[in-house]
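# Structural description and commentary
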Amino acid sequence: MENQDLTPFLVAGASGLVGRALVRRLLDDEAGPGVVAVVRRPLGIGSGRVKEVVADFGRLDGLAVPRARTAFCALGTTIAKAGSEAAFRAVDVEAVAAFARLARRAGATRFLLVSALGADPRSKVFYNRTKGEAEEAVKSAGFDGVALFRPSLLVGERSESRPAERVAIVASGLVSWAMAGPLSRWKPVPAEVVAAAMAAVAEGILTGVRIVENDEIHRLGA
Ligand SMILES: NC(=O)c1ccc[n+]([C@@H]2O[C@H](COP(=O)([O-])OP(=O)(O)OC[C@H]3O[C@@H](n4cnc5c(N)ncnc54)[C@H](OP(=O)(O)O)[C@@H]3O)[C@@H](O)[C@H]2O)c1
């Protein structure tokens, strides 16, 4: 990673589809600094190179974490799981913003967020607007460098059932020939590819705000 950074990577969402792939990827470099995973329940992945900090994401403000230079956020839920738009927003915006503040207090100067295709704080679509608000919260948190990853539909093995997501993945697989060229903007993306793209961006110099759209995620993570 840039500058021979020796502080651990701070990660939120480490138990999720992208988060698990990301932690694996960050640990690939055996000489790397390791990971501090802020989690809401113990994952049992604590080892010499992964430290788990169990926390209530509604109350991150007083939490102590080791110093870190780079933070990654792959937090999120679905409206179906959360039960209401307000509960969805509490995770996808408020917990993300609270984690960004925590990262700043830990000394992080760089923040990489898994957002979503179409994120836009002015969108009329609730999901896109919420994702856009999370991006805005991270952009205004005071980092030197922010990377906002906007994947299309995520592909990977989940323990829970998400029927609508399965249907969309199967349907897009049937027309995968049409997903080349300009349509690559919408091409479903494996979680491992998103994780690899995040690690690739973190390896370089990151200053200002970098938006990484779905087609670039495919290229960087290939
Ligand atoms: N699904 C898609 O096709 C898609 C497409 C584009 C963008 N995205 C976005 O990409 C990001 C990563 O998605 P993913 O599929 O990897 O997510 P995921 O598998 O659902 O994992 C979400 C992570 O957030 C954590 N989390 C959820 N609610 C929480 C809460 N109340 N407090 C603390 N932690 C909480 C989960 O922890 P637990 O394990 O404890 O629940 C898990 O670590 C999300 O922001 C998602 O909106 C998804």
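Residues numbered from 1 in each chain as written. Predicted model: local features only at pLDDT ≥ 70, side-chain atom pairs only at ≥ 80, totals over all residues.

This part covers the overall build of the protein. Scanning the protein from terminus to terminus reveals seven helices and nine strands. Over its C-alpha atoms the protein spans a radius of gyration of 17 Å, differing by no more than 12% from the 17 Å that the globule rule assigns to 222 residues. A principal-axis box enclosing the C-alpha atoms of the protein has dimensions of 45 × 35 × 35 Å. Expressed as a percentage of the 222 residues in the protein, the buried residues total 39%. For the protein, the share of sequence-separated contacts (at least 6 apart) that also reach a separation of at least 24 residues comes to 70%. (Helix = DSSP H or I, 4+ residues; strand = E, 2+ residues; numbered from the N terminus. Rg over C-alpha atoms; globule rule 2.2 N^0.38 Å. Buried ≥ 20, exposed ≤ 12 C-beta atoms within 10 Å, placed from the backbone. Contact = placed C-beta atoms within 7 Å.)

Moving on, we come to the environment of G62. Relative to the assigned elements, G62 resides in the loop between β3 (50-54) and β4 (70-73). For the pair G62 and L102, spaced 40 residues apart in sequence, the C-alpha separation works out to 8.5 Å.

A few words on the site of the ligand. Near the ligand lie 24 residues; those nearest to it are S15, G16, L17, G76 and A116. Classifying every residue of the shell around the ligand by side-chain character gives 14 nonpolar, six polar and four charged. (Near = placed C-beta within 6 Å. Nonpolar A, V, L, I, M, F, W, Y, C, P; charged D, E, K, R; others polar.)

Here the focus is the sheet that holds β4. The seven strands lie next to each other as β3-β2-β1-β4-β5-β6-β9, forming an open sheet whose pairing is parallel. The open sheet terminates on both sides in strands that have one partner only, identified here as β3 and β9 (208-213). Across the sheet, the axes of successive neighbouring strands diverge by a mean angle of 15°, strand direction being ignored. Relative to the sheet, helix α7 (residues 214-221) contacts β6 (145-150) and β9, its axis offset from that of β9 by approximately 90°. (Pairing = 2+ DSSP bridges. Axes fitted to C-alpha atoms, helices over the stretch in contact; angles between N-to-C directions.)

Next up on the list: the packing of helix α3 (residues 85-105) against helix α4 (residues 126-139). Taken N-terminus to C-terminus, the directions of α3 and α4 make an angle of 15°; their axes are 8 Å apart at the nearest point. By the criterion of interaxial angle, the relationship of α3 to α4 is roughly parallel. Handedness of the α3/α4 crossing: right-handed. Of the residues in α4, those touching α3 at E85, F88, R89, D92, V93, V96, A97 and A100 are F126, T130, K131, E133, A134, A137 and V138. Along the lines of polarity and charge, the residues of the contact of α3 with α4 split into nine nonpolar, one polar and five charged. (Parallel < 35°, antiparallel > 145°, perpendicular 65-115°, else oblique. Left-handed = near helix turned anticlockwise from the far one by under 90°.)

Counting residues in each nonpolar core, the largest one holds 61 residues, and the members touching the most others are L10, C73, F99, F111, F149, V194 and M198. For this core, the leading source of residues is α3, giving ten residues. Leave out the neighbours within four places in its chain, and F149 touches L112, L113, V114, S115, V194, A197, M198, V212 and I217. (Core = buried A, V, L, I, M, F, W, Y, C linked by C-beta atoms within 7 Å.)

Position of P42 relative to the elements: it lies in the loop between β2 (35-39) and β3. Since 11 C-beta atoms lie within 10 Å of it, P42 is described here as exposed. Separated by 122 residues in the primary sequence, P42 and A164 have C-alpha atoms spaced 29 Å apart. Discounting chain neighbours no more than four positions away, the residues touching P42 are E52 and V54.

Moving on: α4. Over its 14 residues, α4 runs 20 Å from end to end, which matches the ideal 20 Å to within 8%, given 1.5 Å per residue. Residues of α4 that are buried include every one of T130, K131, G132, E133, A134, E135 and V138, and no others. Contact partners of the buried residues in α4: α3, β5 (110-114) and β6. (Expected span 1.5 Å × (residues − 1).)

Below, the discussion takes up α7. Of the residues making up α7, those classed as buried are N214, I217, H218 and G221. Down the axis, α7 shows its buried residues gathered within 100° of arc, on one side only. Residues of α7 that are buried in the fold lie against β6, β8 (189-190), α6 (191-203) and β9. (Arc of directions from axis to C-beta.)

Any functional reading would require information that these geometric values do not contain.
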